[in-house]
Amino acid sequence: MTPPPADAAALSSRSTRALLSGEGSRGGTLPGWAPWAAFVGALIFCGLVEAALGWFTIALMLVFGALVAVVAIYAWSRPVEGARRAKDRAITMGIAAAFGVSMAPLISLLYEVIKRGVKGISWEFFTSDARGVVGGGGAEHAIVGTLVITACAVVISVPIGLMAAIYMNEYGRGPLRRALTFFVDVMTGIPSIVAGLFAYALFEVFFGPGIQMGIMGSVALSVLMIPIVIRSAEEILKIVPNHLREASYALGTPKWKTIVKVVLPTAFAGLVTGVMLATARIIGETAPLLVTTGVVDSLNADPFAGRMQNLAVYAYNQYRSPGVMKQAAYDRAWAAALTLIVIVMILNVIARLVYRRYKTEIR
Amino acid sequence: MAHLDTTTNAGQLLAAASRGRRRRGDRIFGNAAVIAAVTILALLAGVAVFLVTEGFPALTASASELPGGDSFISYVAPLAFGSAMAGVLAMIVAVPLAVAVALFITHSAPPRVASFLGYLVDLLAAIPSIIYGLWGIFVLGPAAVPVMKWLEEKLGFLPIFEGPASITGRTMLVVGLVLAVMILPIVSAVAREVFAQTPRKLQEGAQALGATRWEMIRTTVLPFGRSSVISGAMLGLGRALGETMAVAIILSVSGGVTCILISQANPSTIAANIALNFPESSGLAINLLIATGLVLFAITLATNFLARLIIARAEVK
Amino acid sequence: MEGRKLKAMFGPESKPATEAEEGRNTMSQAGPVVETSSVPQGDAAPARRAKTLEAKEVNLYYGDFHAVENVSLTIEPNKVTALIGSSGCGKTTFLRSLNRMHELTPGASVKGSIQLDGEDVYGAGVDPVAVRRLIGMVFQQPNPFPTMSIYDNVAAGLNFNAGRIKKSEKDEIVEKSLRGAHLWDEVKDRLGRPGSSLSGGQQQRLCIARATAVSPEVLLMDEPCSALDPVATLAIEDLIGELKKEYTIAIVTHNMQQAARASDNTAFFNLDESGKPGHLVEIGPTEEIFTKPKRKETEDYVSGRFG
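Note that the coordinates shown come from a computational prediction; the quantities given were computed from them, not determined experimentally.

A.B. asks: Break down the overall build of chain A for me, citing the residues and quoting the values.
C.D. replies: The secondary structure content of chain A amounts to 15 helices and 0 strands. Expected size for 363 residues packed as a compact globule is a radius of gyration near 21 Å; at 30 Å, chain A overshoots this value by more than 25%. Each principal axis of the C-alpha distribution contributes one length, and for chain A these read about 95 × 70 × 40 Å. Each of the 363 residues in chain A was classed as buried or not, and the buried ones make up 52%. Counting only contacts in chain A whose residues sit at least 6 apart along the sequence, the fraction spanning at least 24 positions is 71%. Only carbon and sulfur atoms are counted for the fraction: they give 67% of the accessible area of chain A, which is about 16400 Å². Once the 31 positive and 20 negative side-chain charges of chain A are each reduced to a mean point, those two points are 7 Å apart.

Now the structure itself:
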């Protein structure tokens with residue numbers, strides 16, 4: 001018999017049982033509740049330390065607690081289960097903690113917006129504008145403005161975006177299509193303020209400097225919205241199976257009719273969802289509107305007649321120039337923010353509900 | 001359409017009519033589609049063209065004509081520095097966090113709740129940036145004040161933590177943190193997608209060798225996803241560079257170039273600078289701002305281009 | 001009469017008659033294991049006394065679905081046991097339960113006992129990670145880590161204990177494993193090249209080297225040759241014949257000729273009908289299973305009447 005390799009000698013001298021329980025461990029395992037105990041213990045520890053330092057906030061306690069919990073579980077596990085297993089546990093705890101830490105701002109944001117925004121909500125907020133009122137007034141003009149500007153942006157973006165997506169998916173071949181895909185990707189990266197500057201510059205060239213109109217804001221938002229619409233429409237159109245198109249062609253239907261009567265209806269729910277999600281994305285944009293639609297105190301619902309207020313810029317202005325009654329202005333800013341978030345959330349929820357309710361099951 | 005009898009007159013008329021209709025309908029629709037496609041390209045080119053047109057006067061003006069009396073370069077450079085600093089800071093915080101969150105969702109959380117958790121992370125992207133701005137200045141800033149004071153006391157010898165610490169919280173540190181939260185969902189979504197696609201046979205290969213879950217992730221999932229994560233990080237950077245409102249609201253600006261993270265005196269960013277100054281500007285000042293917008297456009301374009309390049313090269317391999 | 005036809009089918013590579021006399025390991029559905037002393041003739045004596053892997057009334061589930069029913073068998077040390085049967089009859093599922101890979105599928109569960117050298121690998125206090133180190137696996141699709149060099153691939157299992165092994169020791173183990181996998185001469189000049197730069201057969205040998213580098217007791221192989229061409233297949237089969245001198249080997253194969261060529265014992269799995277759990281029909285020395293099987297099912301399968 002050839003002498004066994006050194007490693008095997010070492011192995012065979014230890015019992016199989018010891019091997020099976022893993023190196024470095026004494027055969028023990030932490031109880032199943034160990035990670036939870038470590039986490040809670042760490043939280044309490046950090047809370048106490050923070051209270052002693054006078055720093056106490058829930059967010060900080062969570063963040064530091066997460067860090068301490070990782071160290072704690074490692075220290076607890078190492079002597080019992082060995083270094084490798086301890087490291088594994090520590091990292092598992094770490095990534096869970098990372099998730100928790102990333103949820104903290106979300107929770108804080110929503111909590112603060114609701115808490116502070118509710119203070120500014122009133123009947124007046126929704127029904128009157130700020131014309132002629134000093135230190136008070138409502139945001140009706142802002143709300144109407146937001147709806148008008150967004151609606152115009154949708155009207156501009158959806159046909160262009162949808163047709164471009166149809167082109168890319170149904171007609172496009174070769175260089176134009178490849179260029180298009182690439183450039184749509186590039187467009188998704190345009191900073192929102194740059195889109196605003198572009199709209200401003202565009203209108204300045206044709207209409208002279210200093211012009212501000214609701215429709216300019218819509219153009220700026222369209223620049224941001226079109227690539228989003230194209231991307232999601234493309235995804236949806238791609239999913240429509242080819243055999244549906246082929247069945248239609250086999251019946252002698254021309255291509256355009258196939259698209260309009262077969263492809264689009266099948267994709268309808270997905271397209272609507274995509275448009276709603278894109279709308280939700282741009283409805284809260286402030287920067288492009290700052291430079292295009294200006295600030296105005298009175299209600300203006302005509303996109304072509306001068307400046308138009310909107311919720312995002314309104315919130316910004318209430319913060320920036322609160323006037324004499326600061327807190328009331330800040331309250332209104334938060335109230336506008338709350339209104340915005342509610343609109344965004346509603347759009348998101350409706351979009352997903354529409355999708356679930358109306359989507360055509362494709363086999 | 002079934003076989004048409006074209007031997008009769010009626011048949012011939014029908015055939016001709018339907019052919020014409022078909023051709024016309026197809027032509028109109030097809031052209032409309034092409035026009036839309038070309039519009040996109042025109043739009044993108046237009047952004048560049050119009051920015052250059054309106055920014056040009058500022059680019060060619062001499063220093064004395066420009067507001068502030070500096071040349072264009074010395075006007076834009078501190079702003080670009082500020083944008084870069086905020087963006088890099090956001091990346092340093094967001095990317096490891098996003099990778100950890102993505103690993104958690106794809107490899108640790110129970111599969112049934114995984115997509116829900118992903119949805120929660122994506123919610124961060126749905127929140128309008130003005131709200132991040134208000135949150136930053138009213139909530140996070142004040143909460144960060146004691147922490148910054150501690151940093152000044154204990155780590156003040158490091159140049160980034162040189163005192164005096166701000167008492168309002170309107171610092172680069174807070175801005176960086178807020179931007180990090182804003183770009184986290186972007187990077188995390190890319191990371192999640194690639195981590196979930198790690199081939200099972202690779203993961204099982206590592207597991208069969210006796211790897212713990214973390215060792216398996218380290219050996220197979222992370223190397224597999226590396227290029228995608230880098231690309232996602234660049235996309236996040238692009239977003240952070242272009243972010244306007246959060247920075248405009250939170251940051252307390254003094255104009256000088258410094259790399260201190262916790263002080264009241266900060267350079268502005270290109271985007272925030274435009275937002276802050278545009279409403280009151282006119283004439284050449286506006287051209288100046290538009291010119292800086294052009295610079296920002298070029299920077300974000302380059303960043304995004306780099307991101308796509310990294311992915312394309314990884315796919316070729 | 002069937003038996004003689006089968007013998008003719010298997011040709012000159014079939015094992016010499018003397019091997020049929022060693023270690024009879026006949027197993028009826030619930031009978032005891034009978035093991036006689038095994039001093040194999042024909043091949044060289046074992047270089048290392050490997051350990052026995054024994055399954056006792058193993059039942060495997062995916063959620064509520066009962067996939068494999070009541071399997072009891074022994075994988076003998078320093079021998080190759082082939083698991084054969086038509087597709088879907090649970091042989092791969094069973095194989096994966098031997099090294100605790102089955103439980104990695106969400107919802108999967110195991111009942112029964114699997115013992116390595118008498119110790120239950122599903123026992124309390126047993127670390128599944130340690131089990132997989134002792135019971136290695138080679139997969140159907142060669143899966144070298146694409147971002148690692150050949151050297152790093154082989155050393156991958158060693159590197160999990162990063163920092164504890166000296167470079168010179170690692171070099172030794174890598175060379176020994178590659179030699180043992182009959183790959184050393186082909187790659188010794190390009191250890192730094194990526195693992196994916198090899199051909200299919202070479203990649204599979206690389207995976208075998210990687211598996212043996214951590215000194216397991218048992219090697220499980222799940223259809224290791226089904227993605228390879230015939231030349232590579234034969235090379236792997238030769239290799240398996242060598243490997244059994246140091247390890248206990250179980251190999252799942254749906255290629256009966258391969259089972260006949262390369263294994264000492266054969267276990268036949270079958271399925272009554274789709275939706276029912278797979279079960280062990282018969283296990284015994286390969287020669288017996290193929291020439292004088294005890295069950296009609298077995299005979300039908302090996303003579304090609306179904307599957």
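A.B. asks: If you had to explain the interface of chain B and chain A to someone new, which residues and values would you point to?
C.D. replies: Contacts between the two partners involve 80 residues from chain B, matched on the other side by 82 residues from chain A. Roughly 7200 Å² is buried in total at the junction of chain B and chain A, and carbon and sulfur atoms are behind 80% of that figure. Where chain B meets chain A, there are 2 salt bridges. In terms of residue count, helix α1 (residues 9-60) of chain B provides more of the side of chain B that touches chain A than any other element does, 20 residues in total. For the side of chain B that touches chain A, the residue count by class is 61 nonpolar, 12 polar and 7 charged.

A.B. asks: With reference to specific residues and values, describe the packing of aromatic side chains.
C.D. replies: Applying the stated criterion across every chain, the model contains 15 aromatic pairs over all chains. Look at A:F125 and A:F126: their rings are 5.3 Å apart centre to centre, the planes differ by 85 degrees, and that puts the pair in the edge-to-face class. Looking at A:F125, the relative accessible area reads 1%, which means it is buried. With a centroid separation of 6.5 Å and 40 degrees between ring planes, the pair formed by A:Y171 and B:F29 is classed as tilted. With one member in each of two chains, A:Y171 in helix α7 (residues 140-171) and B:F29 in helix α1 form a pair that bridges those chains.

A.B. asks: Tell me about the interface of chain B and chain C, and please be specific about residues and values.
C.D. replies: With 17 residues of chain B at the contact, the number on the chain C side is 25 residues. Both faces considered, chain B and chain C share a buried interface measuring about 1700 Å² in area, 66% of it formed by carbon and sulfur atoms. The largest per-residue losses of area from chain B upon contact with chain C belong to B:K201, B:A208 and B:L209, which jointly make up 35% of the total buried on that side. Taken together, the connections running from chain B to chain C amount to 1 salt bridge. Of the charged contacts, one joins C:R96 and B:E204 as a salt bridge, the two residues approaching to 2.8 Å between their closest N and O atoms.

A.B. asks: Could you give an account of the packing of helix α2 (residues 72-108) of chain B against helix α5 (residues 172-196) of chain B, naming the residues involved and the relevant values?
C.D. replies: Residue and element names in this part refer to chain B. Where α2 contacts α5, the two axes come as close as 5 Å, and the packing angle between them is 40 degrees. Classified by the angle their axes make, α2 and α5 are oblique. Seen along the crossing, α2 lies across α5 with a hand that is right-handed. In terms of residue class, the contact of α2 with α5 is built from 27 nonpolar, 5 polar and 1 charged.

A.B. asks: Please set out the environment of B:E54 residue by residue, giving values where relevant.
C.D. replies: Of note, B:E54 is situated in helix α1. On the accessibility criterion, B:E54 (11% relative accessible area) is buried. Put simply, B:E54 and B:V175 are 121 residues apart on the chain and 30 Å apart in space, counted from C-alpha to C-alpha. Other than its neighbours up to four places away in sequence, B:E54 contacts A:A201, A:E204, A:V205, B:N287 and B:I290.

A.B. asks: If you had to explain the environment of B:A100 to someone new, which residues and values would you point to?
C.D. replies: Relative to the helices and strands, B:A100 is located in helix α2. Residue B:A100 is classed as buried on the basis of its relative accessible area of 15%. For the pair B:A100 and B:R192, spaced 92 residues apart in the sequence, the C-alpha separation amounts to 9.8 Å. Those residues in contact with B:A100 that lie beyond four places of it in its chain are A:I95 and A:A98.

A.B. asks: Give a description of unusual backbone geometry that names residues and reports values.
C.D. replies: Trans peptide bonds make up most of the peptide bonds, and negative phi angles are found at most residues other than glycine. Residues and elements named next belong to chain C. Backbone geometry at E57 places phi at a positive 50 degrees, although glycine is not the residue there. One can find E57 in strand β1 (residues 53-62). Residue E57 is classed as exposed on the basis of its relative accessible area of 52%. The phi dihedral of R100 is positive, around 60 degrees, even though this residue is not glycine. Relative to the elements of secondary structure, R100 occurs in the loop between α3 (91-98) and β4 (108-116).

A.B. asks: Any details on the packing of helix α5 (residues 83-120) of chain A against helix α7 (residues 213-242) of chain B? Residues and values, ideally.
C.D. replies: Running from N to C, α5(A) and α7(B) point in directions that differ by 75 degrees, and their axes come no closer than 8 Å. Between α5(A) and α7(B), the interaxial angle falls into the category roughly perpendicular. Contacts between α5(A) and α7(B) pair A:R84, A:K87, A:D88, A:I91 and A:T92 from the former with B:R213, B:W214 and B:E215 from the latter. Residue composition of the contact of α5(A) with α7(B), by class: 2 nonpolar, 1 polar and 5 charged.

A.B. asks: So, the pairing of strand β9 (residues 265-271) of chain C: which residues are in play, and what are the values?
C.D. replies: Residues and elements named next belong to chain C. β9 sits mainly inside the fold: 7 of its 7 residues count as buried. Neither face of β9 is open: one carries N265, A267, F269 and L271, the other T266, F268 and N270, and all of them are buried. Bridge analysis of strand β3 (residues 80-84) against β9 gives 4 bridges, and the strand direction is parallel. From the neighbouring strand, L83 faces β9, where its bridge partner is A267. Here β9 runs beside strand β10 (residues 278-285); their pairing, made up of 7 bridges, is antiparallel. Bridge assignment links F268 to a residue of β10, and that residue is E282. Counted along the chain from β9 to the antiparallel partner β10, the turn is 6 residues long, and its residue G275 has a positive phi close to 105 degrees.

A.B. asks: Describe in detail the confidence of the model for chain A, supporting the description with residues and values.
C.D. replies: All names here are of chain A. Of the residues in chain A, 92% reach a pLDDT of 70 or more, and the chain-wide mean stands at 84. When mean pLDDT is compared element by element in chain A, helix α10 (residues 214-239) scores highest at 91, while helix α1 (residues 6-13) scores lowest at 49. This model gives residues 1-6 a pLDDT under 50, and the stretch forms 8 contacts once residues within four places in sequence are excluded.

A.B. asks: Please provide a residue-by-residue account of a nonpolar patch on the surface, values included.
C.D. replies: Residues and elements named next belong to chain B. A surface patch of nonpolar side chains, about 300 Å² in accessible area, is lined by V88, I92, V93 and L177. By the element assignment, V93 lies in helix α2. Given a relative accessible area of 30%, V93 falls into the partly exposed group.

A.B. asks: Describe the side chain of C:S97, naming the residues involved and giving the relevant values.
C.D. replies: Residue and element names in this part refer to chain C. As for its position among the elements, S97 is in helix α3. Among the residues examined, S97 registers a relative accessible area of 0% and is labelled buried. Ignoring any residue separated from it by four or fewer positions in sequence, one finds S97 in contact with V58, L60, H102, I114 and Y122.

What counts and what doesn't
- Residues numbered from 1 in each chain as written.
- Chains lettered and ligands numbered in written order.
- Predicted model: local features only at pLDDT ≥ 70, side-chain atom pairs only at ≥ 80, totals over all residues.
- Heavy atoms only, no water.
- Helix = DSSP H or I, 4+ residues; strand = E, 2+ residues; numbered from the N terminus.
- Rg over C-alpha atoms; globule rule 2.2 N^0.38 Å.
- Buried < 20%, exposed > 50% of the residue type's maximum accessible area, 1.4 Å probe, protein only.
- Contact = heavy atoms within 4.5 Å.
- Areas by Shrake-Rupley, 256 points an atom, 1.4 Å probe, with all protein chains shown as cover.
- Lys, Arg positive; Asp, Glu negative; His and termini not counted.
- Charge placed at Lys NZ, Arg CZ, Asp CG, Glu CD.
- Buried area = accessible area lost by both parts, 1.4 Å probe.
- Salt bridge = Lys/Arg side-chain N within 4 Å of Asp/Glu carboxyl O.
- Nonpolar A, V, L, I, M, F, W, Y, C, P; charged D, E, K, R; others polar.
- Phe/Tyr/Trp six-rings, centres within 6.5 Å; stacked < 30°, edge-to-face > 60°.
- Axes fitted to C-alpha atoms, helices over the stretch in contact; angles between N-to-C directions.
- Parallel < 35°, antiparallel > 145°, perpendicular 65-115°, else oblique.
- Left-handed = near helix turned anticlockwise from the far one by under 90°.
- Pairing = 2+ DSSP bridges.
- pLDDT = per-residue confidence, 0-100.
- Patch = residues over 30% accessible without salt bridge, like charges linked within 9 Å, V, L, I, M, F, W, Y side chains within 5 Å.

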